[in-house]
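Here is what each chain is made of, one letter per residue.
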Amino acid sequence: MRRLDARALYVGRFAPSPTGPLHEGSLVAALASWLDARAHGGRWLIRIEDVDRPRCPAGADAMVLSQLARVRLLPDEPPVWQSKREAAYRAALDRLQASGWAYPCGCSRKDIAEAIASRGRQRERHGELVYPGTCRHGLNGKPARAWRLRSTSTADGEGALRIAWRDRRLGEQSQDLTDEVGDFVLLRADGLWAYQLAVVVDDGWQGVTDVVRGEDLADNTPRQIRLQEMLGLPRPRYLHTPLVLGGNGEKLSKQNGARALDLGDPLAALRRAGARLGLPALEARTMPEWLASAAAAWSVRQGGGRDLPPLA
Ligand code: GLU
């Protein structure tokens, strides 16, 4: 079931994981996606990405929504919670299982580390070991723990697969999915749905045409494109925005203790987020005035809305 309004040329979204309140970096991503939707005359949605429930404290979703409302970033439709979308993720996994692209994996982290070590080659990607494909051709008597998607070019072979894509800010990108990422998890050993599957199913269901998000997520894009291909979903356009770095030069994130957004003066918070996105100082006394001027400035910067390449 698709909710896409066939007339909608642009549907954007902000998809926070409610692991805590928004911080300055998340406001930058939220504002960028809102501005891009407004500058292109599109709709803007909010999706609460709470699939990783143990990491989402009670009430954090309401807090995030009230922070967004405080800076007048209001969605054009009621927000969607991923925790209510499990049947859709299950249906997608069923399809991938039936087509042979998804397979069960019985490996623990230790099994994976040992298999890699025995090959004398330790590959790590953001602290995750690149899966060596141990269960690709069967579980060898082990119980299934997780489900993975094959990162190869054919469902029954080993051929390497390179995914090429274009980012509106970063330009042409490409990633060797097989070698750099490996067969990735769709349903985790702890029974939780993986971000990659949930995000692709929901972007497709919500008719999202434009993903605007922080650059730290750019690296996930090839996995998401592959899943879109496997599930017959259209590929959105992508724009990854610059990251907000903390004083230590690291990306601001809840994990490294970024403070919650200071909304004592919400207009000042918007101005700070706009400056991070390279917007000029704007004459405005109220938030609606500032947001309207910011959308106009964003539109000029994007070539009056004519910058969007056609959808693939
Ligand atoms: N939920 C993800 C996060 O908060 C963002 C997902 C996305 O924009 O694709 O990091």
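Residues numbered from 1 in each chain as written. Predicted model: local features only at pLDDT ≥ 70, side-chain atom pairs only at ≥ 80, totals over all residues. Heavy atoms only, no water.

K.L.:
Is there a simple way to explain the nonpolar core in this structure?
P.N.:
Counting 40 residues, the largest nonpolar core has Leu31, Leu35, Leu68, Leu73, Trp290 and Trp298 as its most contacted members. Only α1 (24-39), β2 (43-48), α2 (60-70), α8 (266-276) and α9 (287-301) provide two or more residues apiece to this core. Residue contributions to this core peak at ten residues, all from α1. Once you skip the residues sitting within four places of it in the chain, Leu31 turns out to touch Leu73, Leu270, Ala273, Gly274, Leu277, Trp290 and Leu291. Among the nonpolar cores identified, the runner-up in size contains 32 residues, and Trp165, Val181, Leu186 and Val200 belong to it. (Core = buried A, V, L, I, M, F, W, Y, C linked by side-chain atoms within 4.5 Å. Buried < 20%, exposed > 50% of the residue type's maximum accessible area, 1.4 Å probe, protein only. Helix = DSSP H or I, 4+ residues; strand = E, 2+ residues; numbered from the N terminus. Contact = heavy atoms within 4.5 Å.)

K.L.:
What should I look at first to understand the packing of aromatic side chains in this one?
P.N.:
Any two aromatic rings considered together are summarised by their centre-to-centre distance and by the angle between their planes. Taken as a whole and judged by the stated rule, the model has two aromatic pairs. When the ring centre of Trp101 is taken as origin, the NZ or CZ atom of Arg226, which lies over that ring, is 4.9 Å away. (Phe/Tyr/Trp six-rings, centres within 6.5 Å; stacked < 30°, edge-to-face > 60°. Lys NZ or Arg CZ within 6 Å of the ring centre and 35° of its normal.)

K.L.:
Looking at this structure, I do not really get the sheet that holds strand β4 (residues 102-105). What am I missing?
P.N.:
Consider a sheet: its strands pair through backbone hydrogen bonds, and that pairing is either parallel or antiparallel. On the basis of which strands lie adjacent, the open sheet formed by three strands has the order β4-β7-β10 and antiparallel pairing. Two strands bound the open sheet, and with one partner strand each, they are β4 and β10 (184-187). Strand-to-strand twist in this sheet, taken as the mean axis angle between neighbours without regard to direction, amounts to 45°. (Pairing = 2+ DSSP bridges. Axes fitted to C-alpha atoms, helices over the stretch in contact; angles between N-to-C directions.)

K.L.:
Any chance you could explain the site of the ligand here in plain terms?
P.N.:
In the region of the ligand, the neighbouring residues are Arg13, Ala15, Pro16, Ser17, Glu49, Tyr195, Val199, Arg213 and Leu217. Ala15 places a polar main-chain atom, nitrogen or oxygen, 2.7 Å from a nitrogen atom of the ligand. Side-chain polar atom of Ser17 to a nitrogen atom of the ligand: 2.8 Å apart, as the coordinates give it. Isolated, the ligand exposes 300 Å² of accessible area, and the fraction of that covered by the protein chains is 80%. A per-class count over the shell around the ligand returns five nonpolar, one polar and three charged. (Near = heavy atom within 4 Å. Polar contact = N/O pair within 3.5 Å; in protein donor to acceptor, adjacent residues only side chain to side chain. Areas by Shrake-Rupley, 256 points an atom, 1.4 Å probe, with all protein chains shown as cover. Nonpolar A, V, L, I, M, F, W, Y, C, P; charged D, E, K, R; others polar.)

K.L.:
I'm lost on the side chain of Arg150 in this one. Help?
P.N.:
Here Arg150 shows up in the loop between β7 (146-149) and β8 (162-167). For Arg150, which is buried and forms no salt bridge, the nearest opposite charge comes from Asp183, at a distance of 5.7 Å. Separated by 3.1 Å, the side chain of Arg150 and the backbone oxygen of Arg136 make a polar contact. At a separation of 3.1 Å, a polar atom in the side chain of Arg150 contacts the main-chain carbonyl oxygen of Ala155. Ignoring any residue separated from it by four or fewer positions in sequence, one finds Arg150 in contact with Gly100, Trp101, Tyr103, Arg136, Ala155 and Asp183. (Lys, Arg positive; Asp, Glu negative; His and termini not counted. Salt bridge = Lys/Arg side-chain N within 4 Å of Asp/Glu carboxyl O.)

K.L.:
Hey, could you run me through the pairing of β2 in this one?
P.N.:
The side chains of a regular strand alternate between the sheet's two faces. For β2, a buried count of five out of six residues is recorded, marking the element as mostly surrounded by other parts of the structure. By the bridge criterion, four bridges tie strand β1 (residues 11-14) to β2 in an arrangement that is parallel. Of the residues in β2, the one forming a bridge with Arg13 is Leu45. Crossover handedness for the path β1 to α1 to β2: right-handed. (Right-handed = clockwise from strand over helix to strand, strands pointing away.)

K.L.:
Hey, could you run me through the side chain of Arg47 in this one?
P.N.:
The residue Arg47 is located in strand β2 in this model. One polar contact links Arg47 to Asp203, side chain to side chain, over a distance of 2.9 Å. For Arg47, the residues in contact, after removing those within four places along its chain, are Arg13, Phe14, Ala15, Pro16, Val80, Gln82, Val199, Asp202, Asp203 and Gln206.

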